[in-house]
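Understanding the architecture of this molecule
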Amino acid sequence: MSKHDFTAAEFAGRLARVRAAMAADDLDWLVAVHPASIHWLTGSDAKSYQEFQCLLVGAREEPLVVLTRQGEVHEFETDSAAGDVHGFGGGENEDPIAAFTGVARRHGVLGRRVGLEVPAYYLHPHHYLGLRAIIGDALVTEATELIAGLKLVKSPAEIGYIRRAAALADLGMQRFAGELAAGASELALAGGIHETLMRNGSGIAASPINLVSGPRSAYSHGAPTARRLEHGDFGNIEFGATFNRYTATIGRNFALGKPTPRMVELHDIVLRASDAMIAVIRDGVRATVPHQAARAVIGEAGLESCRVHTSGYALGPGFPPSWAEPLHMIGDSPHVLKAGMVVTVEPPVFIGAEGLGARIIDNVLVTPTGAEVLARTPRDLIVAG
């Protein structure tokens, strides 16, 4: 993605919403760290999240200020909506917090009321402590979800990109189903998916393919291996496709040869749990409601202890290692679903003692009256050979 993927008016509208939220929190400056936040406000697709980076957002008419490693300065200058770009390091090591101090002083950040994003994965503890020490008492809040909350509801352009990604995911699943056979290795099947996705215009997804079979089918997020599939195997495949960084995910269960009654039963349980979620998703529904609907189905089957993770989450532009947004459909979620959100539906059942697991993953667009499933791939158990 770049600044050219959306209109200047859309970027301006996003910045205005951020500044309104900052005003509501009485903030003079926001230090954004999450690459998805920087991406949403500037269009930057830069890889600088591997080291320290931040975006300084002023509450008034200040330009957007980026601090990034030197290798990404030119990319930010030419392919983002940032107004002022500063680099650190380059051919020699440099303390990014010392560089931050200089940039913050130059732009009048220090001594003002500051909010700081503290995202998982993207802020080293040493850098966090350094920022706290430099900003001092002016750090009035950890505003990790200020931007993240604003971007949960997608614009028409964003929804269009997600639809494109969902169509690519369907192509990848078609390739997988067509090549699924005894003797094929998990890695070869994953390679076919990657080839199809990228040949047809997908970018590289933020999280690797999950592909497990046979004795590994109870691994809820297992990576593909050199294992060759055998007749009688049960398994699970999940992957993401992207378009302009916007992600769509899909997951299906598969069997080689006639599945056992237990395999069919587990697939049916997660399918009914997924259907129960989709039936209650709509604008204004608390995020706990679809979760509880799935939990009831799985609990009635006596498998409550085998729900090993969330029933679903909000989906957006992703940077390694995750494409998830902060809204999760789980028991203590404070969020409310709104029209224009895109969420995953994926209530799981993974039973280590049986060596079996099942999960169907679909993405749905929340609408005023319900939920639109974006994938076109059938949700049936894929049976080959």
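The shown structure was predicted, so the numbers you read here are calculated from the model rather than taken from an experiment.

Here we take up the side chain of histidine 86. As for its position among the elements, histidine 86 is in strand β4 (residues 84-88). Among the residues examined, histidine 86 registers a relative accessible area of 10% and is labelled buried. Separated by 3.2 Å, the side chains of histidine 86 and aspartate 84 make a polar contact. A distance of 3.3 Å separates a polar atom in the side chain of histidine 86 from a polar atom in the side chain of histidine 107. With near-sequence residues (within four places) excluded, histidine 86 lies in contact with Val65, Val66, Leu67, Thr68, Val73, Val103, Arg106 and His107.

Approximately 680 Å³ is the volume found for the largest pocket. Counting only elements with at least two residues in the lining of the largest pocket, the list comes to α2 (35-42), β10 (313-319) and β11 (322-328). With six residues, β11 is the single largest residue contributor to the lining of the largest pocket. In terms of residue class, the lining of the largest pocket is built from 13 nonpolar, eleven polar and six charged.

Below, the discussion takes up the UniProt feature "domain: Peptidase M24" (unreviewed entry) in the chain. When the UniProt feature table is mapped onto this chain, "domain: Peptidase M24" (unreviewed entry) is found at residues 162-368. From the first C-alpha to the last, residues 162-368 spans 19 Å; its make-up is 31% helix and 26% strand.

One pass over the full model with this rule turns up 26 salt bridges. Between arginine 262 and glutamate 265 there is a salt bridge, with the nearest N and O atoms lying 2.7 Å from each other. In this pair, arginine 262 and glutamate 265 both sit in helix α9 (residues 261-280), three residues apart, roughly one turn of the helix. One salt bridge in this structure joins glutamate 354 and arginine 262, with 2.8 Å as the shortest N-O distance. Of this pair, glutamate 354 sits in the loop between β13 (349-351) and β14 (356-358) while arginine 262 sits in helix α9, and the two are 92 residues apart along the sequence. A relative accessible area of 37% means that glutamate 354 is categorised as partly exposed. Assessed through its relative accessible area of 25%, arginine 262 is described here as partly exposed.

Taken across its eight residues, α2 has eight buried, putting it largely inside the fold. Considered for burial, the residues of α2 that qualify are Pro35, Ala36, Ser37, Ile38, His39, Trp40, Leu41 and Thr42. Backbone geometry just downstream of α2 places glycine 43 in the positive-phi region, at approximately 85 degrees.

The rules behind each value
The numbering scheme is per chain: residues are counted from 1 as the chain's sequence reads. Per-residue local features are limited, in this predicted model, to residues with pLDDT of at least 70; the limit for side-chain atom pairs, both in listing and counting, is 80 or more; totals at the level of whole chains, interfaces and linings are taken over all residues. Hydrogens and waters are ignored; side-chain quantities use all the structure's heavy atoms. Under the DSSP-based scheme used, a helix requires at least four consecutive residues in state H or I and a strand at least two consecutive residues in state E, with every element numbered from the N terminus. When a residue's accessible area, from a 1.4 Å probe over protein chains only, is under 20% of the maximum for its type it is buried; when over 50% it is exposed; and in between it is partly exposed. Polar contact is defined as a pair of N or O atoms within 3.5 Å, subject to the rule that within protein one atom must be able to donate a hydrogen and the other to accept it, and that residues adjacent in sequence are counted only when both atoms are side-chain atoms. Throughout, a contact is declared for two residues whenever any of their heavy atoms are within 4.5 Å. In this analysis the probe radius is 1.4 Å and the grid spacing 1 Å, with only protein atoms considered; a cavity is a set of points the probe fits into but cannot get out of, a pocket is an open set with protein on both sides within 12 Å along at least five of seven lines, and lining residues have an atom within 4 Å of a point. Grid points are joined across faces, edges and corners, and a volume is the space filled by probe spheres set on the points. Each residue gets one of three labels, nonpolar for Ala, Val, Leu, Ile, Met, Phe, Trp, Tyr, Cys and Pro, charged for Asp, Glu, Lys and Arg, and polar for the others, Gly among them. UniProt positions are given in the numbering used here, feature names are shortened, and annotations may be inferred rather than shown by experiment. The salt bridge definition used is simple: a Lys or Arg side-chain nitrogen within 4 Å of an Asp or Glu carboxyl oxygen.

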